[in-house]
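# Observations on chain architecture
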Amino acid sequence: MEKAREHQQPLYMCFMDFQKVFDSVPHDKLLITMLGMGYPAHLVDLLMNLYKKQFAKVRAAGTLSEWFRVRRGVRQGCVISPYLFNIIAEMVEGSFRGIHRRFADRRASNFQFEIR
């Protein structure tokens, strides 16, 4: 922002909402992304075995639901979960590399990401 002001250039910003991101990581995308990034197949298989047999129930108004399969999200409190999220974030960031977008009739070619 400071550089844009310094050079009197317009600046357009795009923000992504990562509020519930740990609950939204699709397991199948994680598998494909890890293999595409060159992670060893045996490590990916080990992680997917941890996630593919994951089931849950929900309690609402004192009533417990039936069991259902969990197909997205990483385990809360697990030490590896932030790393798994970062793998997906890298995939998202990589999909924007080299892409030129148009905003308000102007070309944008420098996408930068900061994950806190």
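Residues numbered from 1 in each chain as written. Predicted model: local features only at pLDDT ≥ 70, side-chain atom pairs only at ≥ 80, totals over all residues. Heavy atoms only, no water.

## With respect to the overall build of the protein
- Across its full length, the protein carries 4 helices and 6 strands.
- Counting from the amino terminus, the protein carries its helices and strands in the arrangement α-α-α-β-β-β-β-α-β-β.
- In the protein, once contacts between residues fewer than 6 apart in sequence are set aside, the share between residues at least 24 apart is 50%.
- As displayed, the protein has an accessible area near 9,500 Å², and 54% of this comes from carbon and sulfur atoms. (Helix = DSSP H or I, 4+ residues; strand = E, 2+ residues; numbered from the N terminus. Contact = heavy atoms within 4.5 Å. Areas by Shrake-Rupley, 256 points an atom, 1.4 Å probe, with all protein chains shown as cover.)

## Description of the packing of aromatic side chains
- In total, this model carries 0 aromatic pairs according to the counting rule given.
- Arg75 extends its terminal NZ or CZ atom over the ring of Tyr51, reaching a point 5.5 Å from the ring centre. (Phe/Tyr/Trp six-rings, centres within 6.5 Å; stacked < 30°, edge-to-face > 60°. Lys NZ or Arg CZ within 6 Å of the ring centre and 35° of its normal.)

## Overview of the nonpolar core
- Membership of the largest hydrophobic core comes to 13 residues, with the highest contact counts inside it found for Val25, Leu30, Met34 and Leu84.
- For this core, the elements supplying multiple residues, two or more each, are α2 (27-36), α3 (41-52) and α4 (81-96).
- Element by element, the count of residues in this core is highest for α4, at 5 residues.
- In this structure, Leu30 is in contact with Val25, Met48, Leu84, Ile87 and Ile88, ignoring residues within four places of it in sequence. (Core = buried A, V, L, I, M, F, W, Y, C linked by side-chain atoms within 4.5 Å. Buried < 20%, exposed > 50% of the residue type's maximum accessible area, 1.4 Å probe, protein only.)

## Observations regarding the confidence of the model for the protein
- Averaged over every residue, the pLDDT of the protein is 77; the share at 70 or more is 71%.
- Considering each helix and strand of the protein separately, the mean pLDDT is smallest for strand β5 (residues 101-103), with a value of 52, and largest for strand β3 (residues 63-64), with 94. (pLDDT = per-residue confidence, 0-100.)

## Some details on α3
- End to end, α3 covers 15 Å across 12 residues, agreeing with the expected 16 Å (1.5 Å per residue, within 8%).
- Among the residues of α3, those classed as buried are Val44, Leu47, Met48 and Tyr51. Looking straight down α3, one finds its buried side chains confined to an arc of 100 degrees; they lie on one side. The exposed set on the far side of α3, more than 90 degrees from its buried face, consists of His42 and Leu46. (Expected span 1.5 Å × (residues − 1). Arc of directions from axis to C-beta.)

## Details of a nonpolar patch on the surface
- Together, Met37, Tyr39, Leu43 and Leu46 make up a nonpolar patch on the protein surface, roughly 350 Å² of accessible area in all.
- Tracing the backbone shows Tyr39 in the loop between α2 and α3.
- Tyr39 gets classed as partly exposed once you look at its relative accessible area, which sits at 31%. (Patch = residues over 30% accessible without salt bridge, like charges linked within 9 Å, V, L, I, M, F, W, Y side chains within 5 Å. Salt bridge = Lys/Arg side-chain N within 4 Å of Asp/Glu carboxyl O.)

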